[in-house]
Amino acid sequence: MSDLRLRTIRAFSRTPSLRAAARKHAAASAAADTAAALEPAEKQTRDPQMPKGHSVVDSAIYCDGRRVSSPDSLASTYGALHQAPHSLAWIGLYRPDRRELASLAQEFDLHELAIEDANEAHQRPKLERYGDTLFVVLKAARYRDATEEVEFGEVHVFVGPDFVVTVRHAEAPNLAAVRRRVERDPELLSRGAEAVLYAIMDKVVDGYAPVVAGLENDIDEIETEVFRGDPKVSRRIYELSREVIEFQRATRPLIGMLEQLRGGFQKYGVDEELQRSLRDVADHVTEVVEKVDGFRELLRDMLTVNATLVAQQQNEEMKSLAIASTEQNEEVKRISAWAAILFAPTLIGTVYGMNFDNMPELHWEFGYPFAIGLMALVCVGLHQIFKRRGWL
């Protein structure tokens, strides 16, 4: 991967608008946490151990953008909605059982397929329209810096002419913060159920900014480790790639979902201000998706670069081993050649040192000079042979 390509992708991943979104999300989260600390616990999230039948986290009836009642059960919510014409009901549920979902389906004429999906978690993000009711599945994301993992939540939203039903199967996203936001802005809430859907989608999409920042930081660290030759970096690249792919699956479908919503603006008479707000959400989603696509491509390139660097390192090690082996072979040749040269006089001396009586050379006047000369001749001959062959 070229330096130009790295700089291009990394420069793209630092767009000012996403940094602004991250700051916006951080400020909103801080405000939400402060407000949550002052709010009764049962209004924030329901205890997962709460018995079945108590899955209503919060339920409210709104008229002209203002809360007029807070029913404590589904039945009382239905009654309050019937008694207040031109009002809006927002029912927030946490892990409801089938009986509660069946009650909602009967009251608001919800499609059985949507109810079946809402009963089961781990749905893909999608938007489906059943008559005048929208069924939306959104994936919230939260970055865990300690474990360098992305934690995903899921919310199902039913949007009708006079009602919004939210179903969560995880702690995220924090819809209490969304409810506080819209209740502080009656003008927004007075625009109807679509305004609540917009606020929820905006909250989910804003939550992606810290995830993008966390992933970007991890990629920068991995880039340093790759060129530093860290042997564990391949596993980290693989694990982060899985997180990016999962995040991509959570964000990419939102583009098509928002296109569907925009396609129905005129048909369903969506408020102009809401149209502009949803277009803004769509712009943020597109930006996030493009960045995540860049992350995935960058991680793929990093994996390739790391494999190349590992292969080069292995080649260098093999080359060093080959050089060492060649040098060792040369040493063995020298030792073997000198051993052969020294073996020749040893053999001659051993033959004439056997002390047999019938050895004519022992009593020969020139026996000793002959033996010495023979030793020298053999040694010189072997030396010349080994030298010509490159052993010496």
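Scoring rules and cut-offs
Residues numbered from 1 in each chain as written. Predicted model: local features only at pLDDT ≥ 70, side-chain atom pairs only at ≥ 80, totals over all residues. Heavy atoms only, no water. Core = buried A, V, L, I, M, F, W, Y, C linked by side-chain atoms within 4.5 Å. Buried < 20%, exposed > 50% of the residue type's maximum accessible area, 1.4 Å probe, protein only. Helix = DSSP H or I, 4+ residues; strand = E, 2+ residues; numbered from the N terminus. Contact = heavy atoms within 4.5 Å. Axes fitted to C-alpha atoms, helices over the stretch in contact; angles between N-to-C directions. Parallel < 35°, antiparallel > 145°, perpendicular 65-115°, else oblique. Left-handed = near helix turned anticlockwise from the far one by under 90°. Nonpolar A, V, L, I, M, F, W, Y, C, P; charged D, E, K, R; others polar. UniProt positions renumbered as here; feature names shortened; annotations may be inferred.

Observations concerning the nonpolar core
Core analysis: the largest hydrophobic core is formed by 61 residues, its most contacted members being Leu-138 and Phe-247. With 13 residues, the single largest contributor to this core is helix H12 (residues 272-351). For Leu-138, the contacting residues outside a window of four places in its chain are Gly-153, Glu-154, Val-155, Ile-200, Met-201, Val-204, Leu-254 and Met-257.

Focus: the packing of helix H4 (residues 74-83) against helix H5 (residues 98-108)
Taken N-terminus to C-terminus, the directions of H4 and H5 make an angle of 15°; their axes are 11 Å apart at the nearest point. Judged by the angle between their axes, H4 and H5 are roughly parallel. Both H4 and H5 take part in a crossing whose hand is right-handed. Judged by residue contacts, Leu-74, Tyr-78, Leu-81 and His-82 of H4 engage Glu-100, Ser-103, Leu-104, Glu-107 and Phe-108 from H5. Split into classes, the residues belonging to the contact of H4 with H5 amount to 5 nonpolar, 2 polar and 2 charged.

Looking at the UniProt feature "transmembrane region" (unreviewed entry) in the protein chain
With numbering matched to this structure, UniProt assigns "transmembrane region" (unreviewed entry) to residues 335-354 and 366-386. When the span residues 335-354 is considered, its composition is 85% helix and 0% strand, and the gap between its end C-alpha atoms is 28 Å. A helix fraction of 95% and a strand fraction of 0% characterise residues 366-386, whose end C-alpha atoms lie 30 Å from each other.

Topic: unusual backbone geometry
In the Ramachandran plot, Asp-64 falls in the positive-phi region, its phi being about 55° despite a non-glycine side chain. Mapping Asp-64 onto the fold places it in the loop between strand S1 (56-63) and strand S2 (66-69). Located in the positive-phi region is Arg-95, a residue other than glycine, with phi close to 50°. Inspection of the secondary structure assignment puts Arg-95 in the loop between strand S3 (88-94) and H5.

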